[in-house]
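Next come the chains, spelled out residue by residue.
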Amino acid sequence: MAKHPLSLLLLIPILLVGVLLPCGDSKFIAYNTSHGVVPGKLNVHMVPHSHDDVGWLKTIDQYYVGSNNSIQGACVQYVLDSLVPALLSNPDRKFIFVEQAFFQRWWRDQCETIKGLVRKFISSGNGGMCMHDEATSHYIDMIDQTTLGHRFIKNEFNVTPRIGWQIDPFGHSSVQAYLLGAEVGFDSIFFGRIDYQDREKRKDEKSLEVIWQGSRTFGSSSQIFAGAFPENYEPPPGGFYYEVNDANSNSPVVQDDMELFDYNVPERVNAFVDAAIAQANITRTNHVMWTMGTDFKYQYANSWFQQMDKLIHYVNLDGRVNALYSTPSIYTDAKHAASKSWPLKTDDYLPYADRINAYWTGYFTSRPGLKGYVRIMSGYYLAARQLEFFKGRNESGPTTDSLADALAIVQHHDAVTGTEKQHVADDYAKRLSIGYKEAEKVVAASISCIAGLDCGSPVTKFEQCPLLNISYCPPSEIDLSHGKNLVVVVYNSLGWKREDVVRIPVLSENVFVRDSHGKEIESQILPLANAFVDIRNYYVTAYLGKIPTLTPKYWLAFSATVPPLGFSTYIISKANRKASTSMQTLLKATVSATDTIVVGPGHLKLLYSENGGKLIGYINTRSSINASMEHSYKYYTGNDGSADTKVIPQASGAYVFRPNGTYPIKSEEQGAFTVLRGPILHEVHQRINSWISQITRVYKGKEHAEVEFTIGPIPIDDGQGKEVVAEITTAMKSNKTFYTDSSGRDFIERIRDYRKDWHLEVNQPVAGNYYPLNLGIYIKDERTELSVLVDRAVGGSSIVDGQLELMLHRRLVHDDSRGVAEALNETVCAFDKCTGLTVRGKFYLRVDPLGEGAKWRRSFGQEIYSPFLLAFTEQDGKEWRSSHVSTFSGMDPSYSLPHNIAIITLQELEEGKVLLRLAHLYEVGEDKELSVMASVELKKLFPKKKISSAEEMSLSANQGRAEMEKKRLVWKAEGSPEGANNNNKAARGRAVDPAKLVVELGPMEIRTFLINFI
């Protein structure tokens, strides 16, 4: 790699000589490419770009260095190497490059001479580490990865991007428009993929370009100019694709030497003009954009630029239209200068179908194991940065940076989506694991520093349990005899006091638990099911390459109360008696059984029928809810497309969900199930069939049910792919209407078989009604609301009134013809065999009186995203409290954040600066008590530090908020008054008084600050 800068330096003078030195009597043509925008003419903005996936068919490293080319001939390093001399040789040339994950690799390898030249090129851009997905990425992850890229660009080039370039994600979320668009300072956003029916209507109405108001709360104050391309992000039809040695290219070059055969300048100019006019006929104003490039192109940049030089030169000599090198920024400014009103767009561009029978709604669930891992690591990263701040960042390491990079990369639209090849998915998981291992050291050192007061070289070693979801936690699986104690530090990354149940595997049932004050607290022992042990042993061997030496027999459960931004310590010791053991009842359905089994130690009661062991009712004695309810499983078989004779065949695959029949899954155990009862929680264990089981938990202090499912290996020996769904059925009259979250933030109303922007031709009544869930889904009628929250990105819908369904797992046997060339058939190998992937996860459900569900969805939804972080150590003999801090809060002990405010970023940056983000969790009108202005006292948030300044920044922290708002363009939507950027009634917090240091937040507002301490 060190050779590339040198070869680049040698090449640059040669190219410059050709441009600068006189050519005598040669036939050299100095192509005139200097034209800018010409008023009164049709202006064709040619935007050169290369779309470079941060992993897809090859891993990110393989794409960068150009290895593994038997899969795909792509080398991003060559693209960037090739661009420098191509751009230097003609200052009129321009180029769009988005993926910072690649650019930063390349930048680190360049000498200072090359860096100096490149700094002259950089003026604007999108700037994220990747082009993140908008359906399966959580908004906090989207913010983090964008911030990582934007701050690099600011620090390295003193540039603030102003354009969103989301050309390839498979549909577009409202959060992208207002939050990752307007709130980061973008003036416009451009994208390639919208539903094929929507696109055709917009072409007819000239409404591909709109003013997008993505937020119901903020309306026009966070609107943005948005443009969908006429087809995709390739050059327009007519032969304008110029990658050298590309078998897919049959575009004629511009042959302008009249002494050679095939002179074709008039034909190419005519083709250019025809294509320009065709696009102008579906576009408003006299400006059209041509996306000159596609995936991994410009590996020999001059093959494109030489042809574009000729086109611009000869088209402008022709004079019918004006061609120019351009960028999205130049194009945006030209559109704005036209002073037109634009069609108004609200809500989102989901789901996406690119043709009949081809809804890209399968990827909402594809690779659920990876999706779950991403979400776990995301919440862990949030907490790890907080602890890193409390201890003080160590620039020499370890740091949380590696996990930040891995999480940023996996937000890519072919990563967390599950639409990559298997070896690439493995690579993403490996990067997350490496990042976690380093962040784990940060967390351990920070807790040790705070708890043990040994911050230099910590004596107390804390361990963590990343495989706790498969019942594997070596630190808790220890022999507590001979006076040994297990110390459990429970960290709460939320800004309010929190009580939740901790569950850990233990070897013995003879244990008891003491809290931070040394007082024994209530605990409960539950047996560890044999099926859990089998999965634990298989997957530990597969992941770690070793068989567990011990097998715990029990789960220990206890309720932990933890202060905001702090921890509490719990001591587990050997007892001479058993802990509270769960009463176990094994029930076997009989035909004549009519009894109802009531489960739940608190206000919430779940009712089960002894005849079949089915859930039949939901009662909340506090809120007087008494609802019928059923919970069942089914699967859709994946269509193979073989019956498609009149349309393009379409199979169900990694991207596309296309069912070919629905099959309810009936219990093979004739309704057998086990009920465990104890003082803290009740559990219902059910084995649905040989590859689906679940545990439903009802906690004493909670008013929701937790369903932990285990699905897999999904059988495919019948040659049928299967897509497994959980159904919750009620008698509610939901009138075809349901609500899903947008990237974990706003909720959007959905109506079955309906689109607000066009008349939907229904060809896939199931797949076409699926939407992505990152937070959850709910339905309501005149009296009640049913809400279901999820622990990872999944697809969901309401296909029947009163019913919600979640797709939890997919295993398919056909590729869906979208480029991956691989069936979605995940396997895990251990003990000399490979089996289909088993997935374990959770969803949560609750019924509330109408208008009261938001409080649970928002507050508990934040708790799902930010679970307790557990750290373990052993103690011999002496009292822990005598030598350690047993309880800690980073905030003033008398202070807690309002329950409608979350800290979504607390991170120490360079030179001691701190990045703080506060988010209001509620939309306007969502809750009568919590959809109101709230405030945060920074002095109490940082009680042990003195704040010297708190500068409010843009969302991505690369410019001052006030500066950003002054620069943003003001757009007018059709039917709205002048100055439409501020005609709404959205409440926003006032500027922060530097003396009082109180931050106000209105509903849905996120405020970002750079804080300096004295």
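Below: a short report on this structure. Here the structure is a predicted model, which is why all the values come from computation and not from measurement.

Quick notes on the rules
- Just so you know, the residues in each chain are numbered from 1, in the order the chain's sequence is written.
- Residue-level local features of this predicted model are given only where pLDDT is at least 70; pairs of side-chain atoms are given and counted only at 80 or more, and the full residue set underlies all totals for whole chains, interfaces and linings.
- The basis for every side-chain value is the complete set of heavy atoms in the structure, and neither hydrogens nor water enter the calculation.
- Helical segments are the DSSP runs of H or I of at least four residues, strand segments are the runs of E of at least two, and each set is numbered from the N terminus.
- Within these notes, the globule rule equals 2.2 Å times the number of residues to the 0.38 power, and the radius of gyration is based on C-alpha atoms.
- Three labels apply to residues, based on accessible area from a 1.4 Å probe with only protein chains included: buried if under 20% of the type maximum, exposed if over 50%, partly exposed otherwise in between.
- We call two residues in contact whenever any of their non-hydrogen atoms come within 4.5 Å of each other.
- The Shrake-Rupley method, run with a 1.4 Å probe sphere, supplies the accessible areas, and residue values consider only the shown protein chains as cover.
- Under the convention used here, Asp and Glu are negative, Lys and Arg are positive, and both His and the chain ends fall outside the count.
- The atom standing in for a charge is NZ when the residue is Lys, CZ when it is Arg, CG when it is Asp and CD when it is Glu.
- Take the buried residues of types Ala, Val, Leu, Ile, Met, Phe, Trp, Tyr and Cys, join any two whose side-chain atoms come within 4.5 Å, and each joined set is a nonpolar core.
- A carboxyl oxygen of Asp or Glu within 4 Å of a side-chain nitrogen of Lys or Arg is what we treat as a salt bridge.
- A strand pair is defined by DSSP finding two or more bridges across the two strands.
- Counting rule for disulfides: a pair of cysteine sulfur atoms within 2.5 Å.
- For a helix, the expected span equals 1.5 Å multiplied by the number of residues minus one.
- Polar contacts, as used here, are pairs of N or O atoms within 3.5 Å; protein pairs need one atom able to donate a hydrogen and one able to accept it. Residues neighboring in sequence count only if both atoms are side-chain atoms.
- Centres within 6.5 Å make a pair out of two Phe, Tyr or Trp rings, where for Trp the six-membered ring is used; the pair is then stacked when the planes are under 30 degrees apart, edge-to-face when over 60, and tilted otherwise.
- Should the NZ of a Lys or the CZ of an Arg lie within 6 Å of a ring centre and within 35 degrees of the ring normal, that charge is described as sitting over the ring.

1. Quick notes on the overall build of the protein
Part 1 of the reasoning: Tallying secondary structure elements over the protein gives 18 helices and 47 strands in all.
Part 2 of the reasoning: The C-alpha atoms of the protein give 30 Å as radius of gyration, which agrees with the globular expectation for 1014 residues (31 Å, within 12%).
Part 3 of the reasoning: The principal-axis extents of the C-alpha atoms in the protein amount to approximately 105 × 70 × 60 Å.
Part 4 of the reasoning: Within the protein, the proportion of its 1014 residues that are buried is 64%.
Part 5 of the reasoning: Taking the contacts inside the protein whose residues are at least 6 apart along the sequence as the reference set, 76% of them involve residues at least 24 apart.
Part 6 of the reasoning: Summed over all atoms, the accessible surface of the protein reaches about 37600 Å², with 52% contributed by carbon and sulfur.
Part 7 of the reasoning: The average position of the 108 basic charges and that of the 117 acidic charges among the side chains of the protein differ by 4 Å.

2. Comments concerning the nonpolar core
The tendency in soluble globular proteins is for nonpolar side chains to be buried as a group.
Part 1 of the reasoning: Among the nonpolar cores identified, the biggest contains 132 residues, and F272, Y298 and F305 are the most heavily contacted of them.
Part 2 of the reasoning: In terms of nonpolar packing, the next biggest core, distinct from the first, is built from 54 residues, I688, I692, L773 and L806 among them.

3. Let's talk about the pattern of salt bridges
Part 1 of the reasoning: Within the structure shown, the criterion is met by 63 salt bridges.
Part 2 of the reasoning: Measuring nitrogen to oxygen at the nearest pair gives 2.5 Å for the salt bridge that ties R284 to E974. Of this pair, R284 sits in the loop between α9 (265–280) and β6 (287–292) while E974 sits in the loop between β45 (972–973) and β46 (998–1001), placing them 690 residues apart in sequence.
Part 3 of the reasoning: Under the relative-accessibility criterion, R284 is labelled partly exposed at 22%.

4. Points about the pairing of strand β14 (residues 523–527)
Part 1 of the reasoning: Judged by how many residues are buried, β14 sits mostly within the fold: 4 of 5 residues are covered.
Part 2 of the reasoning: Of the strand pairs in this sheet, β14 and strand β15 (residues 554–562) are connected by 5 bridges, and their pairing is antiparallel. Paired with I525 across the bridge in β15 is L556.

5. Re the sheet that holds strand β5 (residues 224–228)
Part 1 of the reasoning: One open sheet holds the 5 strands; their spatial order is β2-β3-β5-β4-β9, and the pairing between them is mixed. Across the chains shown, the open sheet's two edge strands, defined by having one partner strand only, are β2 (163–166) and β9 (344–345).
Part 2 of the reasoning: Sheet topology note: the strand β4 (residues 209–212)/β9 ladder contains 2 bridges and is parallel. What sits directly across from W212, in β9, is K345.

6. Section: the state of the cysteines
Part 1 of the reasoning: In this structure the tally under the stated criterion is 3 disulfides.
Part 2 of the reasoning: Residue C465 pairs covalently with C473 via a disulfide, S to S 2.0 Å. Between C465 and C473, the disulfide has an S-S torsion of 60° and is therefore right-handed. Of the two residues examined, C465 and C473, each falls in the buried class.

7. Describing the pairing of strand β38 (residues 839–849)
Part 1 of the reasoning: Of all 11 residues that make up β38, 10 are buried, and the element is covered over most of its length.
Part 2 of the reasoning: Here strand β27 (residues 705–711) pairs with β38 via 7 bridges, running antiparallel. Note on β38: the bridge partner recorded for E708 is K842.

8. Observations regarding helix α12 (residues 368–391)
Part 1 of the reasoning: Taking 1.5 Å per residue, 24 residues should reach 34 Å; α12 reaches 35 Å between its end C-alpha atoms and fits that length.
Part 2 of the reasoning: With 19 of 24 residues buried, α12 lies mostly within the body of the structure.
Part 3 of the reasoning: Within two residues after α12, G392 carries a phi angle of roughly 110°, on the positive side.

9. Let's talk about unusual backbone geometry
Part 1 of the reasoning: Across the junction of G397 and P398, the peptide omega takes the value -5°, indicating a cis bond.
Part 2 of the reasoning: One can find P398 in the loop between α12 and α13 (401–410).
Part 3 of the reasoning: A cis geometry characterises the amide bond from G712 onward to P713, with omega recorded as -10°.
Part 4 of the reasoning: Within the secondary structure layout, P713 lies in the loop between β27 and β28 (722–730).
Part 5 of the reasoning: The residue H482 is not glycine, and still its phi comes out positive at about 60°.
Part 6 of the reasoning: Structurally, H482 is set in the loop between α14 (422–452) and β10 (484–492).
Part 7 of the reasoning: Of note, L565 is a non-glycine position whose phi angle comes to about 45°, a positive value.

10. Things to note about helix α6 (residues 139–157)
In an α-helix there are 3.6 residues to a turn, and that puts residues three or four apart on one side.
Part 1 of the reasoning: In this model α6 runs 26 Å from its N-terminal to its C-terminal C-alpha over 19 residues, within 8% of the 27 Å that 1.5 Å per residue would give.
Part 2 of the reasoning: Following α6 by one or two positions, N158 has its phi on the positive side, about 55°.

11. Here we look at the side chain of D53
Part 1 of the reasoning: Within the secondary structure, D53 is located in the loop between β1 (43–48) and α2 (60–65).
Part 2 of the reasoning: Among buried charged residues, D53 stands out as having no salt bridge; its nearest opposite-charge side chain is R193, 8.0 Å away.
Part 3 of the reasoning: Here H412 takes part through its side chain, which lies 3.5 Å from a polar atom of the side chain of D53.
Part 4 of the reasoning: Polar contacts involving the side chain of D53 include one to the side chain of H413, which spans 3.1 Å.
Part 5 of the reasoning: When near neighbours in sequence (up to four residues on either side) are disregarded, D53 contacts Y63, F102, D168, D295, F296, H412, H413 and D414.

12. Remarks on the packing of aromatic side chains
Part 1 of the reasoning: Scanning the model with the defined rule gives 54 aromatic pairs in all.
Part 2 of the reasoning: On the basis of an interplanar angle of 55° and a centroid distance of 5.4 Å, the ring pair of F389 and F390 is categorised as tilted.
Part 3 of the reasoning: Summarising the aromatic geometry, the rings of Y844 and F860 are spaced 5.1 Å apart at their centres and angled 75° between planes, so their arrangement reads as edge-to-face. Note that Y844 is positioned in strand β38 and F860 in helix α16 (residues 853–865), a separation of 16 residues in sequence.
Part 4 of the reasoning: Judged by its relative accessible area of 8%, Y844 falls in the buried class.
Part 5 of the reasoning: On the basis of relative accessible area, F860 is assigned to the buried category, the value being 10%.
Part 6 of the reasoning: Grouping aromatic residues by their ring pairs yields a cluster made of F95, Y241, Y242, Y298, W304, F305 and Y325.
Part 7 of the reasoning: The residue whose ring lies beneath R503 is W555, and the NZ or CZ to ring-centre distance is 4.3 Å.
Part 8 of the reasoning: One cation-aromatic arrangement involves R988 over F218; the distance from NZ or CZ to the ring centre is 4.1 Å.

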